[in-house]
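Spelled out from the first residue to the last, the chains are:
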Amino acid sequence: MEIVKKLNVPATYFYDKVIESILFDVNRSTGKKLKPMQLNNFEYVKEFSKNSRAKIKIEKLVENETYAYRTSTVKNEYFAQYTVKPVDEKSCEVHYTEKMESFGTLQKMNDAIVGVLIGFLKKRQFKKMLQQIESSY
């Protein structure tokens, strides 16, 4: 999945909002209060429910430019990356890419069948999140 969207917010504002969200998630999942500079290569486990958890590793963090992470479960692995490019002082372009690798033949078939619908819903929800960030400026 790939999404490219121009936002009417400075690149620094968008990046700061993403970092705030990550710091909140890390704190809620681990109890640790990190600073943004401590996030690069940071790994933690996030529980979604009693039977569902994932290991998250922040793989790349370049201030006001890039945020990439990997989420690993027993069924699959996701890699996602945000790249933020300033257009001018008041706007930026956000490039979001996401790739998923499923483990096992049955899981691959299941993900292929369900993937079309989920992909559409994820894109819709992601665009909504971008609009919320834009309207919070």
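Computed from a predicted structure; not experimentally measured.

Caption draft 1: Molecular detail of the packing of aromatic side chains. If you walk through the whole model with that rule in mind, you get eight aromatic pairs. Aromatic pair tyrosine 96 and phenylalanine 126: ring centres 4.2 Å apart, planes at 25 degrees, arrangement stacked. Of this pair, tyrosine 96 sits in strand β6 (residues 91-102) while phenylalanine 126 sits in helix α2 (residues 105-135), and the two are 30 residues apart along the sequence. For the pair tyrosine 96 and phenylalanine 126, a shared accessibility class is recorded, and that class is buried. Three or more aromatic residues link up through ring pairs in this structure, and these residues are Phe14, Tyr67, Tyr69, Tyr82, Tyr96 and Phe126.

Caption draft 2: Main features of the environment of threonine 73. Considering the arrangement of structural elements, one finds threonine 73 in the loop between β4 (66-72) and β5 (76-88). For threonine 73, a relative accessible area of 25% puts it in the partly exposed group. When sequence neighbours within four positions are dropped, the list of residues in contact with threonine 73 reads Arg53, Ala54 and Phe103. Reaching out from threonine 73, the side chain makes a polar contact with the backbone nitrogen of lysine 75 at a distance of 3.1 Å.

Caption draft 3: The arrangement of unusual backbone geometry in detail. Positive phi, close to 65 degrees, is recorded for asparagine 41, a residue that is not glycine. Among the secondary structure elements, asparagine 41 is positioned in the loop between α1 (11-30) and β2 (43-49). Its identity is not glycine, yet asparagine 64 carries a phi of approximately 60 degrees, on the positive side. With respect to the helices and strands, asparagine 64 occurs in the loop between β3 (52-62) and β4. What makes asparagine 64 partly exposed here is its relative accessible area of 25%.

Parameters and conventions
Counting from 1, residues in each chain are numbered in the order their sequence is written. At least 70 in pLDDT is required for a residue's local features to be given in this predicted model, at least 80 for side-chain atom pairs to be given and counted, and no such filter applies to totals for whole chains, interfaces and linings, which use all residues. By convention in this description, side-chain values take in all heavy atoms of the structure and omit both hydrogens and water. Here a pair means two rings of Phe, Tyr or Trp (six-membered ring of Trp) with centres within 6.5 Å. Their orientation is stacked below 30 degrees between planes, edge-to-face above 60, and tilted elsewhere. Numbering of helices and strands starts at the N terminus; helices are DSSP runs of H or I of at least 4 residues and strands are runs of E of at least 2. Whether a residue is buried, partly exposed or exposed follows from its accessible area with a 1.4 Å probe, protein chains only, as a fraction of its type maximum: under 20%, in between, or over 50%, in that order. By the convention used here, residues are in contact when the closest approach between their heavy atoms is within 4.5 Å. N or O atoms within 3.5 Å of each other form a polar contact, as long as, within protein, one can give a hydrogen and the other can take it, and as long as residues adjacent in sequence are counted only when both atoms are side-chain atoms.

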